[in-house]
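# An overview of the molecular structure
Here are the chains, one letter per residue:
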Amino acid sequence: MRALTKPLFYILVSFLSLTTACQDQPADAVTNLDQIRPRSSQKETKLKTEIESDTLVSFLKSYANDSCQLQMASVSIDSSQQKHFLNRFLSKHFHVICTDSLGQTFGHQEWAFKDSNQANEAFFNWLDQFKSKQPFKIGSNEKIFDQYTLLVLADQHIFALQSTKKIKYQVWLKYLSGRYQQNSFKYIIWGQARKNTKWYTYKNAQIVNL
């Protein structure tokens, strides 16, 4: 029996030491995983929200201060466009919904590319996705839009505007030319519901038939 005394004693001492250590644990010690989990996602969400708010304020000011009298009353992020075809290209883009003082709502999207070649490629790849009876060609006048639509290919930018009501596209082109004074508008596509599309260019603030 004495042979078992020392091992049992050491086991007992070890157990008591461990118990004492647990009881002496500091009050501010970690008691659950939430205390050690990173909180970066919360900070990123807050930062993203702040950036979006700043962007919206900036756009609303640009709408309100332009000489074209767009008379925009509100603007919000259009989250439904995050999977837009053009977003897959390496571009900077934004999608907003804006409403003017008369209550007309517009979908406004823009994409910025690294150079004109990338913008051209993206633009015509996008047109190929439209419901066309034949390969989409420059100057094509097919009926492919379900609502009023304005598309513009600038030097390194693509612009799109849609609305269920008629768009004063000449006014919007003036607004865009003021924003992108260094860019030329290579192609302008104007579409209306169940009507043939029309193609234009824009030179010296004048709309020219293609």
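Below is a summary of the structure that appears in this document. What you see is a predicted model, and the numbers here were worked out from it, not measured in a lab.

This paragraph deals with the overall build of the chain. Broken down by element type, the chain carries 4 helices and 8 strands. Listing each helix as α and each strand as β along the chain from the N terminus yields α-α-β-β-β-α-β-β-α-β-β-β. Per-residue burial over the chain gives 36% buried out of 210 residues. Pairs at least 24 residues apart make up 56% of the contacts formed inside the chain by residues separated by at least 6 positions. Carbon and sulfur atoms form 53% of the exposed surface of the chain, whose accessible area is close to 14,200 Å².

A separate point is unusual backbone geometry. Unlike most non-glycine residues, Gln71 shows phi in positive territory, near 55°. Secondary-structure assignment places Gln71 in the loop between α2 (40-65) and β1 (72-77). A positive phi angle is found at Arg194, which is not glycine, with a value near 60°. Positionally, Arg194 belongs in the loop between β6 (185-191) and β7 (198-203). Under the relative-accessibility criterion, Arg194 is labelled exposed at 68%.

One can find Asp100 in strand β2 (residues 92-100). Sequence spacing of Asp100 and Gln71 is 29 residues, and the spatial spacing of their C-alpha atoms is 5.4 Å. Look past the residues within four positions of Asp100 in its chain and what remains in contact with it is Leu70, Gln71, Met72, Ala73 and Phe106. At 3.0 Å, the side chain of Asp100 and the backbone nitrogen of Leu102 are in polar contact.

Time to look at the nonpolar core. One finds Tyr63, Leu150 and Trp172 to be the most contacted residues of the largest nonpolar core, which totals 29 residues. Secondary structure elements with two or more residues in this core: α2, β1, β2, β4 (148-153), β5 (157-163), α4 (169-179), β6 and β7. The element that contributes the greatest number of residues to this core is α4, accounting for 5 residues. Not counting residues up to four positions away in its chain, the partners in contact with Leu150 are Phe159, Ala160, Leu161, Tyr169, Trp172, Leu173, Ile188, Ile189 and Trp190. With 20 residues, the next largest nonpolar core counts Phe89, Phe123, Leu127 and Ile158 among its residues.

It is worth spelling out α4 at this point. Of all the positions in α4, only Tyr169, Trp172, Leu173, Tyr175 and Leu176 are classed as buried. Seen from one end, α4 has its buried residues packed into an arc of 160°, which puts them on one side.

Another aspect to go through is the pairing of β4. Burial analysis of β4 places 6 of its 6 residues in the buried class, the great majority of the element. In β4, alternate side chains face the same way, and those of Tyr148, Leu150 and Val152 on one face and Thr149, Leu151 and Leu153 on the other are all buried. Taken together, the 6 bridges between β4 and β5 define a ladder with antiparallel strand orientation. Directly across from Tyr148, in β5, lies its bridge partner Ser163. Between β4 and β5, which pair antiparallel in sequence order, lie 3 residues. Bridging between β4 and β6 involves 5 bridges; their strand directions are antiparallel. Bridge assignment links Leu153 to a residue of β6, and that residue is Tyr187.

A full pass over the atoms with the stated rule returns 14 aromatic pairs. A centroid spacing of 5.8 Å and a plane angle of 75° characterise the contact between Tyr187 and Trp199, whose relative ring orientation is edge-to-face. Note that Tyr187 is positioned in strand β6 and Trp199 in strand β7, a separation of 12 residues in sequence. Put simply, the rings of Phe106, Phe159, Trp172 and Tyr175 pair up and form one aromatic cluster.

Once that is clear, we can look at helix α3 (residues 116-127). A rise of 1.5 Å per residue sets the reference length of α3, with its 12 residues, at 16 Å; its end C-alpha atoms lie 17 Å apart and thus fit the reference within 8%. Taken residue by residue, α3 has Gln118, Ala119, Ala122, Phe123, Trp126 and Leu127 as its buried positions. On an axial view of α3, the arc spanned by its buried residues comes to 165°, and they lie on one face. Turning to α3, the residues buried within the fold contact β4, β5, β6 and β7.

The rules behind the values
- Residues numbered from 1 in each chain as written.
- Predicted model: local features only at pLDDT ≥ 70, side-chain atom pairs only at ≥ 80, totals over all residues.
- Heavy atoms only, no water.
- Helix = DSSP H or I, 4+ residues; strand = E, 2+ residues; numbered from the N terminus.
- Buried < 20%, exposed > 50% of the residue type's maximum accessible area, 1.4 Å probe, protein only.
- Contact = heavy atoms within 4.5 Å.
- Areas by Shrake-Rupley, 256 points an atom, 1.4 Å probe, with all protein chains shown as cover.
- Polar contact = N/O pair within 3.5 Å; in protein donor to acceptor, adjacent residues only side chain to side chain.
- Core = buried A, V, L, I, M, F, W, Y, C linked by side-chain atoms within 4.5 Å.
- Arc of directions from axis to C-beta.
- Pairing = 2+ DSSP bridges.
- Phe/Tyr/Trp six-rings, centres within 6.5 Å; stacked < 30°, edge-to-face > 60°.
- Expected span 1.5 Å × (residues − 1).

Just geometry here; none of it tells us what the structure is for.
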